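# An overview of the molecular structure
Okay, here's what each chain looks like letter by letter:
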Amino acid sequence: MLAFAGQGGGVLVERDAELVLLGHAVDEAARGGGSLTLIDGAPGTGKSALLQTVRERASDLGHTLLTARGSPEEIEFPYGLVRQLIGPVLRTDMGRRATDNGVAQHALRLVDPASAPQAPVDTTYSMLQGLYWLLSNLSTITPVVVTIDDLHVGDTPSLEFLRFLGNRLDGERIAVVCAGDTSAPAGSLATALLDVAQHTTRLRPLTQEAVGTLVEDTLGRTLAGALAEACHV
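Residues numbered from 1 in each chain as written. Predicted model: local features only at pLDDT ≥ 70, side-chain atom pairs only at ≥ 80, totals over all residues. Heavy atoms only, no water.

Burial analysis of helix α3 (residues 80–90) places eight of its eleven residues in the buried class, which makes it a mostly covered element. Among the residues of α3, those classed as buried are Gly-80, Leu-81, Val-82, Leu-85, Ile-86, Gly-87, Val-89 and Leu-90. Tucked inside the fold, the buried residues of α3 contact β4 (64–69), α4 (93–98), α5 (123–141), β5 (144–149) and α6 (156–166). (Buried < 20%, exposed > 50% of the residue type's maximum accessible area, 1.4 Å probe, protein only. Helix = DSSP H or I, 4+ residues; strand = E, 2+ residues; numbered from the N terminus. Contact = heavy atoms within 4.5 Å.)

The biggest cluster of nonpolar side chains holds 39 residues, and the ones touching the most others in it are Leu-131, Ile-148, Leu-151 and Val-176. A total of seven residues in this core trace back to one element, the largest contributor, which is α5. Excluding anything up to four places from it in sequence, Val-176 contacts Ser-35, Leu-36, Thr-37, Val-146, Leu-162, Leu-165 and Leu-169. In terms of nonpolar packing, the next biggest core, distinct from the first, is built from 15 residues, Leu-19, Leu-50, Leu-51 and Val-177 among them. (Core = buried A, V, L, I, M, F, W, Y, C linked by side-chain atoms within 4.5 Å.)

Before going further, it helps to spend a moment on the packing of α5 against α6. The geometry of α5 relative to α6 is characterised by a closest axis approach of 10 Å and an angle of 60 degrees between their N-to-C directions. By the angle between their axes, α5 is oblique relative to α6. The crossing of α5 and α6 is right-handed. Here Tyr-125, Leu-128, Gln-129, Leu-131, Tyr-132 and Leu-135 of α5 come into contact with α6, specifically with Glu-160, Phe-161, Phe-164 and Leu-165. Taken together, the residues of the contact of α5 with α6 sort by class into eight nonpolar, one polar and one charged. (Axes fitted to C-alpha atoms, helices over the stretch in contact; angles between N-to-C directions. Parallel < 35°, antiparallel > 145°, perpendicular 65-115°, else oblique. Left-handed = near helix turned anticlockwise from the far one by under 90°. Nonpolar A, V, L, I, M, F, W, Y, C, P; charged D, E, K, R; others polar.)

Phi at Tyr-79 takes a positive value of approximately 60 degrees, unusual for a residue other than glycine. Within the secondary structure, Tyr-79 sits in the loop between β4 and α3. With a phi angle near 50 degrees, Asp-150 is a residue other than glycine that sits in the positive phi range. By the secondary structure assignment, Asp-150 is in the loop between β5 and α6. By relative accessible area, Asp-150 is classed as buried at 18%.

Right, here's the structure in full:
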């Protein structure tokens, strides 16, 4: 059993295979092996901790990191997740270079409508294309790693873009890692990404041994057998 301590101080146990999978996805992005990975699991199974390891690895490698998190309060806000992803980078010199010309400029409509070109009749398709080319252009400067937590409470247009993007990652220096609970009431849209994801993993519940390790790390002392069993239940 692997016990992984991230920079945030938390311990991640019994996730050896997932750590290998995610590390491979980030490393392959630098070599043009773009991918979309979906981490599926119930609350408390370590999805957010796994995403943190992805962010740490991307930062260590000097990749461009774009992050977002879904929330029930913003699920009706169109492109809410996408705005979280691209808003910060578009305020940088690198982001401005990525939207200097071409289709990528259509992505500016989400953050600065006045600077975006006039949209064609099919505004949805032009937006999807603009967002895709924005990420593609960014990845020519440095590999791009996208992490999204709580995908199951993400807005519909953002999930549609992720589906659009998932079909176009071959040869791109882009790694997308999303975490959510497809069994949740709002999880049906996240489920729609399953058939475009290059990698999927469903997190299994932790064993009693793993729960004991986590609680011992928190309390700083060894648990008696009955207490460890009670915490596992």
